[in-house]
Amino acid sequence: MIALRPLHVLFLSALTLLLAACGSTGGQTAGAREAAPDALTQMASAYQLGSSDRLRVTVFGHPDLSGEFEVDGTGSISLPLIGQKKAVGLSTAQLETSITETLAAGYILDPRVSVEVINYRPFYILGEVGQPGEYPYTNGLTVQNAVAAAGGYTYRANKRVVYIKSIDSDREIAYDLTPGTVVKPGDTLRIGERIF
């Protein structure tokens, strides 16, 4: 009986630790479940439509309502049958929902709509590059790709820092120039002059 007592205490200690571990894992899982929707929202809203974006809108079964449309200076696209539809600041999924709801409200029975970006708004590059100016944006564009498109660096260029002004900001921010520094549609990049 005395020999069994240490085994009994050891068994109870192990059982207590096991239950505590299960309880903390459950808490972490619940926390992870709560955090997941925020992460998905951030990913889905990563790109917001803006002026000069060119979109392909497809209304399935209605080729006369489908086509390519450009977001104009007022932030809208002009669609057949329903007219002006606000697009600026929306994701493609949000614009799909907006068009679907408008068409379903008395125009078409059970509309199915798809919206995709076929041409993003351009980016701009200034400063110590071969050919400063406006260039078309492509998916996954980095600062190094943008500089290459603009004719490369001049001999005076500072290759360590890039100044980026995003379309939704009123000031430029200095970033370390690394191979992974990304460019977003509508960004204005400035390559500064190095100090000798």
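Check the entry above for the structure.
Everything numeric in this text was worked out from a predicted model, so none of it was measured. (Residues numbered from 1 in each chain as written. Predicted model: local features only at pLDDT ≥ 70, side-chain atom pairs only at ≥ 80, totals over all residues. Heavy atoms only, no water.)

Draft legend 1. Quick look at the overall build of the protein. When you go through the protein residue by residue, the secondary structure sums to three helices and ten strands. Going from N to C terminus, the protein has its helices and strands arranged as α-β-β-β-β-α-β-β-β-α-β-β-β. A buried classification covers 29% of the 196 residues belonging to the protein. By sequence separation, contacts in the protein at least 24 residues apart represent 48% of the contacts at least 6 residues apart. Here the protein displays about 12,500 Å² of accessible surface, and carbon together with sulfur accounts for 58% of that area. (Helix = DSSP H or I, 4+ residues; strand = E, 2+ residues; numbered from the N terminus. Buried < 20%, exposed > 50% of the residue type's maximum accessible area, 1.4 Å probe, protein only. Contact = heavy atoms within 4.5 Å. Areas by Shrake-Rupley, 256 points an atom, 1.4 Å probe, with all protein chains shown as cover.)

Draft legend 2. Representation of the sheet that holds strand S2 (residues 67-70) in the model. Strand order in the open sheet formed by three strands is S2-S1-S5, with antiparallel pairing between adjacent strands. Of all the strands in the sheet, just S2 and strand S5 (113-119) have a single pairing partner and so form its edges. Strand-to-strand twist in this sheet, taken as the mean axis angle between neighbours without regard to direction, amounts to 30°. Here strand S1 (residues 54-59) runs beside S2; their pairing, made up of four bridges, is antiparallel. (Pairing = 2+ DSSP bridges. Axes fitted to C-alpha atoms, helices over the stretch in contact; angles between N-to-C directions.)

Draft legend 3. Broad picture of the nonpolar core. In this structure, Leu55, Val57, Ile77, Leu95, Ile99 and Leu103 are the most contacted members of the largest nonpolar core, which totals 19 residues. Among the elements of the structure, S1, strand S3 (76-79), helix H2 (92-104) and S5 are those that each provide at least two residues to this core. Excluding its chain neighbours within four sequence positions, the residues that come into contact with Leu103 are Val59, Leu65, Leu81, Ile82, Ile108, Pro111 and Val113. Core analysis: the next-biggest nonpolar cluster, separate from the first, contains 17 residues, Val129, Tyr135, Tyr137 and Leu177 among them. (Core = buried A, V, L, I, M, F, W, Y, C linked by side-chain atoms within 4.5 Å.)

Draft legend 4. Examining the sheet that holds strand S8 (residues 161-165) more closely. One open sheet holds the five strands; their spatial order is S7-S6-S10-S8-S9, and the pairing between them is mixed. At either end of the open sheet lies a strand with only one pairing partner, and these are strand S7 (133-135) and strand S9 (173-176). Recorded for the sheet is a direction-independent mean angle of 30° between the axes of neighbouring strands. In this sheet, S9 lies alongside S8 in antiparallel orientation, the contact comprising four bridges. Residue pairing for S9: Ile164 is matched across the bridge by Ile173.

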